[in-house]
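Residues per chain are reported as follows:
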Amino acid sequence: MAGWAIVWQIVVWLVTTAISASQMKVPKGGPAAGSDKFKFPTASEDRAVPVIFGPRWVKGPNVVWWGNLKNRAIKQSAGRKYAFFGPKRYTVINYIYSLGMQLIVAYKADRIMAARIGEKVLAEGLSVTSNGTISVNKPELFGGEKAGGGFVGPIDFEFGLPGQGVNAYLDGLITGPVSAHRGVVGIILRDCEITAAPPGQEVNIQPVSVLLSATSSMCSWYGAKVTCPSGGMNPAHMLRVVATRQPWNNQQYSDLDIDDASFTAAADVLFAEDFGLAAEISDEAISADDAIGEILRHIDGTLFEDRFSGKLSLTLNRGGYDIPSLPVFDDSCVLSVDEYTRLGWGERINQVTISYYDLQADKDRSTTPIYDPAAEQAQGGVVARVNRYPWIFQGEIAARLGERDLRQMTADLGVATIVANRKASGIKPGSVFRWSCPKLGITQIVMRAKRVDYGSLADGRVRIICVEDIFSLPTAVYAEPPPSGWVDPVNDPAPAAVRSVFEAPFWLTGPGAFDPPTDGTLLALAVRPTNDATDFEFWAGTPYAEVLAEPGAFSESTTLSAAVSAGSSTLTVAPGISASSGGQLAKIDDEIVRIDAVAASLTVSRGMLDTVPAPHALGARLIVFEDNVPGERFANGASVSVKLLPATIRGRLPLASAPADTVVMAQRHLRPYPPGNFRINGAAFPATSFARLAVSWAHRDRLQQLAQPLTTQTDPNIGPEAGVTYTRRIYQRPSTLLDTQAGITGTATTDYIANVDADLRIEVEAVRGGLVSLFKHSHVVTVEGASKITNGTFATDTDWNKGTGWAIAAGVATKTAGTASDLTQAEAFVAGGQYLVEYTLSGVTAGTVEAQFAGGSAVNGATRNANGSYSETLTAMAGNNVFRVAADAAFAGSVHNVSVRRLE
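Here the structure is a predicted model, which means the values were calculated and not measured.

**Some details on the layout of surface pockets**
- Here the largest pocket is characterised by a volume of approximately 690 Å³.
- For the largest pocket, the lining is made up of 26 residues, of which Asp-300, Gln-408, Leu-413, Lys-450 and Val-467 are closest to its centre.
- The set of elements that each furnish at least two residues to the lining of the largest pocket consists of α5 (288-299), β20 (384-389), α7 (395-410), β23 (442-453) and β24 (462-468).
- If one sorts the elements of the lining of the largest pocket by residue count, α7 sits on top with four residues.
- Residue classes in the lining of the largest pocket are distributed as 11 nonpolar, four polar and 11 charged.
- Roughly 490 Å³ of internal volume is contained in the second largest pocket.
- If you go around the second largest pocket, you meet 13 residues; those closest to its centre are Tyr-371, Pro-493, Leu-653, Pro-654 and Ser-657.
- Tallied by class, residues from the lining of the second largest pocket come to nine nonpolar, two polar and two charged.

Laid out in structure tokens, this is it:
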């Protein structure tokens, strides 16, 4: 009875649930938003089109058309009509909206590099340089169907070049005439899913941003220097564009009004300085004159109309001039000094921060403060200024500007207004000259003209507003007080510009070398950055931490004065290595050598420990291993970032100021040593070879090579270490693999016979337990391996002298029986040379044939009388000058694939 009661309760529950469900009001959702519910970032027909110089993000381009609005409902189950049975019901929880949109981005561009919507990336790493289309498929960009949707669809890029036609997508949607939009850069979204919103909710379309670059498209003059190495636009080209007002269609100057020589010289300097700018300019936001002023402020330059040529001339305020050759203005030509002032300490700035635009982060940034500690001490505190350079887009350039500005604002510069006679008529804005004025205690300081008023011919006076030139200060002479000539011998700590951080080979791993753990040891060598640097600390990891109790000692170092081959034991070097370094190990690039003798040149043993001899270029750096080489263990596979912090008596280099080196740990100490005594045809590093390549080597064993003296490349076999095998590969340069032999346990490999005249690279490496030697022998040899026989395949009936009964056709030479005769070809064989002769016989029915070297004392090969492929080695004798296939009278058959290659 109890069981039936339970069943009855379930039935009652089902019925009541079904009735309740049927009476529930299930939400149906709401309608999709109409066009009146959409808000776009910008939609103004008269909005100015920005002019872009260099690389720049254009944010929120003007939306000039949108339409073809569509939606797709996202539904969610609302259960069944009768609880567990009946039809399913749904409610709309979201709408995915798609539409078409046209945006005008900029005046001109060379290429488009990335696109975003809001803060989300649509596409990056682009290099679109002509009209084209990309497809974006990011349905989850804003959270997916149940949240903010995503972006899916094609985007057209149009560069607005002359002859550009009407966009096909827009032409099919817009009623009436459609503009081709030539002369501007645009993008078109073609029915792209762009956002999602719940029913009835207002829809906000996030702004689209485009990263583009405009340099050569803005200025065709001097195209080789229009784009600086960093990608920014050369400011000299920018000035030319703005001065002629090309984007504004309101020319003040024409190209004929430009002094090409001065602009070219300035462009060369700015390109060499990598002083590229990135700017967004429009005539609504800034006038052409103000834009010119801003560019000149960035580059510290002067733009003026040359009174002699009447053309617009550009000068840069830079050093590099010869002071004694500058014109002198003194009491003989200076009529009066209307004004002369110097900044007092209270007026100077001793700390500068540069605000700039970081293109990579797409945000405004500031440099760390750049300060002059001496000026700060003299002024009794910090006097700071923030200088904004909105068209600088890289931190490195911003830091350079900070140093420039600080130098100018801390210097004790004089400012003067000088009235001179007509001798000064040749001075132009930006010119430098020497000025002496005994009354003011001034003797030949270098001044730079800022503005020049040439007056009238009748008046004859030239008025020059000038400032003491910052670039001349080290050599400027003041009458009072005289300079002391004292130079502080103590330097601030500086980064170690010459350094090497690397994983240690087995011999250098220190304690536990006989049973090393999986972790490897990271070592650091560094060269003294200044004469008074004392030592350096070794910091590693993320975050960085000091990993050694004792600082490291600096190494001696030098550079190669001449390139060195893999086989040379003499290094021509610059001074820098003392006799005390004799017997020490040193590192050139990745190769470890031992310094055996120090004289005008170094005598070294090459390829020590687990390295191999390798060629090194002129200027390659050699660093000596000091006794105190700092090192620390790290886990296999770890990517370790290392900073070295040198010290002087003024302190230690701050961690933030030290450059970082990254090394990935690779179990170097566990890897087998590569073999030694690498030989090709018995010679070390030969330049040339004939067809036969005989490669050999000597065993090496890292476990046995621990005692002094260390093993050199030419020593005989040591080991091998248990489990070691060798792999030999031969490549035709640059990278075509011709032959591989692996698993070799001996000290030589089967000879390889080349069949081409080419440069071949021979490699040999050691393998043990899945670990490959970190270094491998690799040598390029020019091989003479092609057959000496022309047309050995008988592809044509040429090049051969045919005796009676011989005929050439269909890739074979065929003889009929009846007369003994030969098939011959002239070839000057080298007496004593060994040659590999190969040929194939087919269709043989009778008789015999043999290969011969004729002329002088004949050399005969074996007699053949059956079908097959044959090879034999013949040694040429004096006078051999003919290759001959000699057949007896009875021979009937065919010869083909004839080859004769010199082996040695």
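**Quick word on the side chain of Glu-294**
- When you line up the elements, Glu-294 lands in helix α5.
- Judged by its relative accessible area of 17%, Glu-294 is buried.
- Apart from residues no more than four positions distant in its own chain, Glu-294 is found in contact with Pro-390 and Trp-391.

**Some details on empty space enclosed by the protein**
- What the rule picks out here adds up to one cavity of 30 Å³ or more.
- Volume-wise, the largest cavity comes out at about 70 Å³.
- In terms of lining, the largest cavity is formed by Gly-607, Leu-609, Thr-611, Tyr-673, Pro-674, Pro-675, Gly-676, Arg-700, Gln-705, Thr-711, Thr-712 and Gln-713.
- Tallied by class, the residues present in the lining of the largest cavity amount to four nonpolar, seven polar and one charged.

**Side note on the pairing of β24**
- Along β24, five of the seven residues are buried, which leaves the element largely enclosed by surrounding structure.
- Pairing geometry for strand β21 (residues 414-420) and β24, over six bridges, is antiparallel. When the sheet's bridge partners are listed, Val-415 is paired in β24 with Val-467.

**So, the sheet that holds strand β51 (residues 812-815)**
- Spatial ordering of the open sheet is given by β50-β51-β58-β53-β56, a layout of five strands whose pairing is antiparallel. Strands with a single pairing partner mark the edges of an open sheet, and in this sheet they are β50 (806-809) and β56 (868-875). Going across the sheet, the axis of each strand differs from the next one's by a mean of 30°, ignoring polarity.
- When β50 meets β51, the two strands line up antiparallel, connected through four bridges. Bridge pairing links Trp-806 to Lys-815 in β51.

Definitions and cut-offs
- Residues numbered from 1 in each chain as written.
- Predicted model: local features only at pLDDT ≥ 70, side-chain atom pairs only at ≥ 80, totals over all residues.
- Heavy atoms only, no water.
- 1 Å grid on protein atoms, 1.4 Å probe; cavity = no way out; pocket = protein on both sides within 12 Å on 5 of 7 lines; lining within 4 Å.
- Points joined across faces, edges and corners; volume = space filled by probe spheres on them.
- Helix = DSSP H or I, 4+ residues; strand = E, 2+ residues; numbered from the N terminus.
- Nonpolar A, V, L, I, M, F, W, Y, C, P; charged D, E, K, R; others polar.
- Buried < 20%, exposed > 50% of the residue type's maximum accessible area, 1.4 Å probe, protein only.
- Contact = heavy atoms within 4.5 Å.
- Pairing = 2+ DSSP bridges.
- Axes fitted to C-alpha atoms, helices over the stretch in contact; angles between N-to-C directions.

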